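# Chain and residue survey
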Amino acid sequence: MNDRKKNVSPQDELRALLNEEYDASTVVGLEKVFVIHTQNVARASEIATRNLSVHVHEKLRGTTLSRRYAVYATSAFVLSSLVAVLVFVNSQTQPIVVVSQVASKSTSTSGTNQVLTTNSIAEISSLAAKYVPHQGITVTAKIGSRDVAAIARDAEEDQLISTISESMVSTDLWILQESDVDNLFAEQKNGL
Amino acid sequence: MALILENDADILDEYRTGQRDRAVTAFVRKHQSFVYSVAYRHLNHNEDSQDAAQEVFLRASQKLGEFKGESTLQTWLYRITVNVCLNMRRKKRFLSFFAIGEGEGERDVAALQHSPATHAEQSEFDIYFQAVLVTIPTKQRETFCMRYYDELSYEEISELTGTSEGALKANYHWAIKKIAAAIRTSDYYEEWFENERP
């Protein structure tokens, strides 16, 4: 029943409806009017859509081509940008300054083999002028850059020992030890 | 391989197996009248409807491979057509805002009654019939057109419009009664009927 209802054509449905309202001859006339009009509409649609598939194909080809060109253009742009960036980076690159720790062995005569390090490279000429050993002899000899920091530190250490020794000369009971020097260094470092 | 692609399944198979040009040609030829008719009902303008139909097939052809088959190709095309027509109308409305002396409503009526293309392709009676269609409510008109011209089932129309089948049947019946009454009382009918009578 349902299938039969589904298969009722729009034309059959139209006829049934017209039969409810009009006599048989009027129904036939109206039905013809509807059929003719439908045929005219179909003909007009056919005329209007003539060559539509050709136009669609042309448009599709145009779209495909423009998409392809868009991909090429984008790739070319990206590549040229990359090359430009690389060229710019290369032109701007300078030697990189690496400040490395200078490590050297102590040349101190105090007998310690402590390795001294410094984070900066001192100016050789200024160190030579400042370096005044506790014996009062000004050293003007050429100093290798490798030992500059160690020499400076030793000189400082010697000067400190002599200062302490002089100030404590009246105190017979006190003897300066290596550990005392280390402690004093530590205190000096802490700003005392 | 089918020589003539008559049904949607064959068209889709052909498209998916790589014979795209052939499949698109068959696809357009099979559904072009339907798409144009739907577009014409929404736009009431021959050239605009042709442009809309072209745009619909362009979009549909590009997405044909992605069609999942959850509905028929016809209902899928109907949705695309309605969307394209709505976009075109929006664009027209936006442009008409800047145009002097031509509103959308004026253009619709003009297209129905005075378009040279319409005059060339349609008889006076067809123009009168179109004018009668315009006088009935939109839902009834659309239901009538989809059911009578496009020969869609109530189930398909319901799926497309979201209206219940019962309401669609009522719309179709009211539309036919109004159109028949208008034609029955027109001079065209009398003249035509008199000529046909033996």
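The rules we used
Residues numbered from 1 in each chain as written. Chains lettered and ligands numbered in written order. Predicted model: local features only at pLDDT ≥ 70, side-chain atom pairs only at ≥ 80, totals over all residues. Heavy atoms only, no water. Helix = DSSP H or I, 4+ residues; strand = E, 2+ residues; numbered from the N terminus. Buried < 20%, exposed > 50% of the residue type's maximum accessible area, 1.4 Å probe, protein only. Areas by Shrake-Rupley, 256 points an atom, 1.4 Å probe, with all protein chains shown as cover. Contact = heavy atoms within 4.5 Å. Axes fitted to C-alpha atoms, helices over the stretch in contact; angles between N-to-C directions. Parallel < 35°, antiparallel > 145°, perpendicular 65-115°, else oblique. Left-handed = near helix turned anticlockwise from the far one by under 90°. Expected span 1.5 Å × (residues − 1). Buried area = accessible area lost by both parts, 1.4 Å probe. Salt bridge = Lys/Arg side-chain N within 4 Å of Asp/Glu carboxyl O. pLDDT = per-residue confidence, 0-100. Phe/Tyr/Trp six-rings, centres within 6.5 Å; stacked < 30°, edge-to-face > 60°. Lys NZ or Arg CZ within 6 Å of the ring centre and 35° of its normal. Core = buried A, V, L, I, M, F, W, Y, C linked by side-chain atoms within 4.5 Å. Patch = residues over 30% accessible without salt bridge, like charges linked within 9 Å, V, L, I, M, F, W, Y side chains within 5 Å.

Across its full length, chain A carries seven helices and two strands. In chain A, the order of α-helices and β-strands from amino to carboxyl end is α-α-α-α-β-β-α-α-α. Out of the 192 residues in chain A, the part that is buried amounts to 22%. Summed over all atoms, the accessible surface of chain A reaches about 14,200 Å², with 57% contributed by carbon and sulfur.

Turning to the overall build of chain B, a few remarks are in order. Assigned secondary structure in chain B consists of eleven helices and zero strands. Shown N-terminal to C-terminal, the secondary structure of chain B runs as helices and strands in the order α-α-α-α-α-α-α-α-α-α-α. Taken across its 198 residues, chain B has 48% of its residues classed as buried. Long-range contacts, defined here as pairs at least 24 residues apart, represent 57% of the contacts in chain B between residues at least 6 apart. Of the roughly 10,500 Å² of accessible surface on chain B, a fraction of 52% belongs to carbon and sulfur atoms.

Further remarks concern the packing of helix α7 (residues 124-135) of chain B against helix α10 (residues 165-184) of chain B. All names here are of chain B. Packing of α7 against α10 leaves a shortest axis separation of 10 Å and a crossing angle of 135°. Comparing the axis directions of α7 and α10 gives the class oblique. Relative to α10, α7 is oriented so that their crossing is right-handed. Of the residues in α10, those in contact with Phe125, Tyr128, Phe129, Val132 and Leu133 of α7 are Ile179, Ala182 and Ile183.

All names here are of chain B. Of note in the backbone geometry, Asn44 takes a positive phi value of approximately 55° without being a glycine. Topologically, Asn44 is positioned in the loop between α2 (20-43) and α3 (46-63). Its identity as a non-glycine residue notwithstanding, Glu151 has a phi of 55°, on the positive side. Along the chain, Glu151 turns up in the loop between α8 (138-149) and α9 (154-161). Residue Glu151 is classed as partly exposed on the basis of its relative accessible area of 48%.

Quick look at α7(B) now. With twelve residues, α7(B) should reach 16 Å at 1.5 Å per residue; the first-to-last C-alpha distance of 17 Å fits that figure. Along α7(B), the positions that sit buried rather than exposed are Phe125(B), Asp126(B), Ile127(B), Phe129(B), Gln130(B), Val132(B) and Leu133(B).

Turning to the interface of chain A and chain B, a few remarks are in order. Listed per partner, the contact involves 40 residues of chain A and 44 residues of chain B. Surface buried jointly by chain A and chain B totals about 3,800 Å² across both partners, of which 65% is contributed by carbon and sulfur atoms. Contact with chain B buries surface across chain A, with Leu17(A), Phe34(A) and His37(A) losing the most and accounting together for 15% of the total. In this structure, the connection of chain A to chain B is made through two salt bridges. Of the charged contacts, one joins Glu21(A) and Lys177(B) as a salt bridge, the two residues approaching to 3.2 Å between their closest N and O atoms.

The next point concerns the confidence of the model for chain A. Residue and element names in this part refer to chain A. For chain A, mean pLDDT is 71; residues scoring 70 or higher make up 59% of the total. The secondary structure element of chain A with the lowest average pLDDT is helix α1 (residues 2-6), at 46, and the one with the highest is helix α2 (residues 10-21), at 89. The model gives residues 1-5 a pLDDT under 50, and that stretch makes zero contacts with residues more than four places away or in other chains.

Quick look at the environment of Ser37(B) now. Its location among the elements puts Ser37(B) in helix α2. Classification of Ser37(B) by relative accessible area gives buried; the value is 12%. In the structure, Ser37(B) is positioned 13 residues away from Gln50(B) in sequence and 9.7 Å away in space, judged by C-alpha atoms. Apart from residues lying up to four places away in sequence, Ser37(B) is in contact with Ser45(A) and Asp150(B).

Tallying each qualifying case throughout the model produces twelve aromatic pairs over all chains. Seen in terms of ring centroids, Phe34(A) and Tyr148(B) are 5.7 Å apart; in terms of plane orientation they differ by 70°. Their pairing is edge-to-face. One end of the pair, Phe34(A), is in helix α3 (residues 24-48); the other, Tyr148(B), is in helix α8, on a second chain. Like Tyr148(B), Phe34(A) is buried. Over the ring of Tyr154(B) we find Arg147(B); its NZ or CZ atom is 4.6 Å from the centre of that ring. One cation-aromatic arrangement involves Lys177(B) over Trp174(B); the distance from NZ or CZ to the ring centre is 6.0 Å.

Glancing now at the nonpolar core. With 63 residues, the main nonpolar core has Phe27(B), Phe129(B), Phe144(B), Ile179(B) and Ile183(B) as its most contacted residues. The contact partners of Phe129(B), leaving out residues within four places of it in the chain, are Val33(A), Phe34(A), His37(A), Tyr149(B), Ile179(B) and Ile183(B).

The next subject is a nonpolar patch on the surface. Residues and elements named next belong to chain B. Nonpolar side chains collect at one region of the surface, where Phe94, Leu95, Phe97 and Phe98 lie side by side and expose about 520 Å² of accessible area between them. For Phe97, the location among the structural elements is in helix α4 (residues 73-98). With relative accessibility at 65%, the residue Phe97 sits in the exposed group.

So, on to the pattern of salt bridges. Considering all chains together, one arrives at eleven salt bridges over all chains under this definition. The partner of Glu13(A) in a salt bridge is Arg147(B), with the nearest N and O atoms 2.9 Å apart. With one member in each of two chains, Glu13(A) in helix α2 and Arg147(B) in helix α8 form a pair that bridges those chains. Residue class for Glu13(A) comes out buried when judged on its relative accessible area of 11%. A salt bridge links Glu142(B) to Arg41(B), with the nearest nitrogen and oxygen atoms 3.5 Å apart. Linking Glu142(B) in helix α8 with Arg41(B) in helix α2, this pair joins segments that are 101 residues apart in sequence. Note on accessibility: Glu142(B) and Arg41(B) belong to one class, buried.

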